[in-house]
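A closer look at the structure
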Amino acid sequence: GNRKNGFLILSWALYDLANQFFALNIVSLYFVRWLTLERQVPEILYSIAFGISTFFVAISAPVLGAISDITARRRPFLIYLTLLSVIFTMVLGVSRNIFLGLLFFIIANYGCQAAIVFYNALMVNITPPKKVGLVSGFGKMMGYTGAVLALYLIKPIVLKSGYQATFFPTGLLFLIFSLPCLIFIKDKEPLRKLGLFSFLKKERVLEIFKTLRTTLSDTYKFPHLLNFLKSAFFGLCAVNAVVLFMSVYATRAFGLNEAGVIKLITFSTFFALVGSLLSGFISDYLGHKRSLAIVFILWGACFWLGAFIRNTHLYWFIGALAGIALGSTWVVSRAMAVSIVPAERIGEIFGLFNLVGYLSAIVGAVFWGVLLLFLSRFGELGYRITLLSLILFILLGFIFLLRIPSVSLRNKNRNILWYRKV
């Protein structure tokens, strides 16, 4: 009974911990550092590679999701996509060629991001509806634990043998920690035998696009939703750019070495954990709109301070602020999405919210890369100007946020859906 359920919840949440090895060590830290600092490649190449792989996730996720709904199978997708990511992460460790490295990264990142769609969908198999928020919050906590673990387990390797030596063990650890979820979390519904290619029939494909079209046209019936999605898009453009390039920025602007960067990111991660735990309660108390406005102001402060501060000790303060802002961003924006639309449309809205997330990741990454391409000849100053310019996105997000009337958010279904894992 309870013990078995607890074991399943732990197995599921361990996946959140596992994919942090990829998200942190490859996406935010060592792959981007290997490219830009060691191989002296301009940031724009990394931006484009990240953009391409995210674009493929954005266009395939709704289709793969629909196939998994039709066949009532989530687990095979999770297993294959995870293995795809793990294998290509390991292969990164042996490729000396920059373009092969970028190609392997595109495939590995695709696998990791697309797998999350099915990981989230599997949550309903292990939790009663009343506990969704709790279990999702537990998953998030495991994720931050994974981030700290990823930093500490890989730290000795990077200090001893350099960036590329970290790729193979990162893939291995991703695999090891994801195994409980891949082995023990099963699909509950009986398999709908449709034959492998039945979902490629014309009606099926049309059905998928029809659903997407309905969702998009319905967005206009909820004007507040449209403003919310625009606000989230601009805010997330800035956030995604920071997540990708924060470690390179810390080195170029603050002159931090490996050990210093790892310390700063660990410190920041601790505050992200605090932010994600507290912001759920705060946004229920203050209201989601106000809370999101505060998150935007926090980000603006981070970019302003990060661009102008030269005092070496003050970057700890920026690290803490950015951590709190990052931890709160997802929790508060999810809570707000939930409060804007009727409960029966939640699935579709998170589909749209995911899409906004993917698009903003592409725009944010490319914006940063392109701007640095023009400003890189100014060295450190170019980096500082690029960071400061992210305030533009925050301002645009803020403007669309202010267009949402607060009254529409006094919604009754505020209960368990804060941490809804996207």
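It should be emphasised that the depicted structure is a prediction, and the values quoted were computed from it without experimental measurement.

Parameters at a glance
Per chain, residue numbering runs from 1 following the sequence as it is written. The model is predicted, so local features are restricted to residues of pLDDT at least 70 and side-chain atom pairs to those at 80 or more, both for listing and for counting; the totals for chains, interfaces and linings are taken over all residues. Excluded from the side-chain calculation are hydrogens and water; included are all heavy atoms of the structure. Labels follow the DSSP assignment, with helices taken as runs of H or I lasting at least four residues and strands as runs of E lasting at least two, numbered in each case from the N terminus. The size measure is the radius of gyration over C-alpha atoms, and the globule rule it meets is 2.2 Å times the number of residues to the 0.38 power. The rule is simple: take the accessible area with a 1.4 Å probe, protein chains only, and divide by the maximum for that residue type; under 20% is buried, over 50% is exposed, in between is partly exposed. We call two residues contacting when some pair of their heavy atoms lies within 4.5 Å. Here the positive residues are Lys and Arg and the negative ones are Asp and Glu; neither His nor the chain ends is included. A charge is said to be at NZ when it belongs to Lys, at CZ for Arg, at CG for Asp and at CD for Glu. Residues belong to a common nonpolar core when they are buried Ala, Val, Leu, Ile, Met, Phe, Trp, Tyr or Cys residues joined through side-chain atoms within 4.5 Å. A pair is scored as a salt bridge if a Lys or Arg side-chain nitrogen falls within 4 Å of a carboxyl oxygen belonging to Asp or Glu. We call a pair of cysteine sulfur atoms a disulfide when they lie within 2.5 Å. Side-chain rings of Phe, Tyr and Trp (the six-membered ring for Trp) are treated as a pair once their centres are within 6.5 Å; stacked means planes under 30 degrees apart, edge-to-face means over 60, and tilted covers the remaining angles. Values of pLDDT, the confidence the predictor places in each residue, fall between 0 and 100.

Looking now at the overall build of the protein chain. For the protein chain, the count of helices and strands is 14 helices and zero strands. The order of α-helices and β-strands along the protein chain, N terminus first, is α-α-α-α-α-α-α-α-α-α-α-α-α-α. Taken over the C-alpha trace, the protein chain has a radius of gyration of 21 Å; the compact-globule value for 422 residues is 22 Å, and the two agree within 12%. Structurally, the protein chain occupies a C-alpha span of about 55 × 50 × 45 Å along its principal axes. Taken across its 422 residues, the protein chain has 56% of its residues classed as buried. In the protein chain, the proportion of contacts linking residues at least 24 apart, taken out of those at least 6 apart, comes to 85%. One finds the centroid of the 39 positive side-chain charges in the protein chain at a distance of 4 Å from the centroid of its 14 negative side-chain charges.

This paragraph deals with the nonpolar core. Grouped together as the largest cluster of nonpolar side chains are 128 residues, with contacts concentrated most on Phe31, Phe228, Trp299 and Phe303. Counting residues per element, this core draws most heavily on helix H1 (residues 2-38), which supplies 20 residues. In contact with phenylalanine 303, not counting residues within four places along its chain, are Ala238, Val242, Leu387, Leu388, Leu390, Ile391 and Ile394.

For the rest of this paragraph, the subject is the pattern of salt bridges. Here the idea is simple: oppositely charged side chains can pair when their charged atoms come close. Overall, the coordinates contain four salt bridges when judged by the stated rule. When the shortest N-O distance is used, the salt bridge between aspartate 187 and arginine 73 registers 4.0 Å. Linking aspartate 187 in the loop between helix H6 (167-184) and helix H7 (202-219) with arginine 73 in the loop between helix H2 (43-71) and helix H3 (75-92), this pair joins segments that are 114 residues apart in sequence. Grouping residues by exposure puts aspartate 187 and arginine 73 together as buried. Between arginine 310 and glutamate 380 there is a salt bridge, with the nearest N and O atoms lying 2.7 Å from each other. Taken together, the residues arginine 310 in the loop between helix H10 (288-308) and helix H11 (315-340) and glutamate 380 in helix H13 (residues 380-389) connect sequence positions 70 residues apart. Judged by its relative accessible area of 56%, arginine 310 is exposed.

Attention now goes to the environment of proline 42. Mapped onto the fold, proline 42 is located in the loop between H1 and H2. Note: C-alpha distance between proline 42 and leucine 373 (331 residues apart in sequence) is 6.9 Å.

A separate point is the side chain of serine 28. Relative to the elements of secondary structure, serine 28 occurs in helix H1. Taking relative accessible area as the criterion, serine 28 reaches 2% and is therefore assigned buried.

Summed over the entire model, instances satisfying the criterion amount to zero disulfides. Here cysteine 181 stays unpaired: no disulfide links it, and the sulfur of cysteine 112, its closest cysteine neighbor, is 13 Å away. For cysteine 181, a relative accessible area of 1% gives the class buried. In this structure cysteine 302 is a free cysteine whose sulfur lies 17 Å from that of cysteine 237, the closest cysteine sulfur available.

Take unusual backbone geometry next. Located in the positive-phi region is glutamine 40, a residue other than glycine, with phi close to 55 degrees. The topology assignment puts glutamine 40 in the loop between H1 and H2. Judged by relative accessible area, glutamine 40 falls into the exposed class, the value being 54%.

We now examine the packing of aromatic side chains. By the definition in use, this model includes 32 aromatic pairs. Relative to phenylalanine 105, the ring of tyrosine 46 lies with its centre 5.2 Å away and its plane at 45 degrees, an arrangement referred to as tilted. Of this pair, tyrosine 46 sits in helix H2 while phenylalanine 105 sits in helix H4 (residues 98-122), placing them 59 residues apart in sequence. Across this residue pair, the class does not change: tyrosine 46 and phenylalanine 105 are buried. Each ring, one from tryptophan 304 and one from phenylalanine 308, has its centre 4.8 Å from the other, and the planes form 55 degrees; the classification is tilted. Of this pair, tryptophan 304 and phenylalanine 308 are both found in helix H10, four residues apart, which corresponds to roughly one turn of the helix.

As a further point, take the confidence of the model for the protein chain. Residues of the protein chain with pLDDT of at least 70 account for 91%, and the chain-wide mean is 88. Ignoring residues within four places in sequence, the model shows residues 408-422, a span with pLDDT below 50, making 53 contacts including any to other chains.

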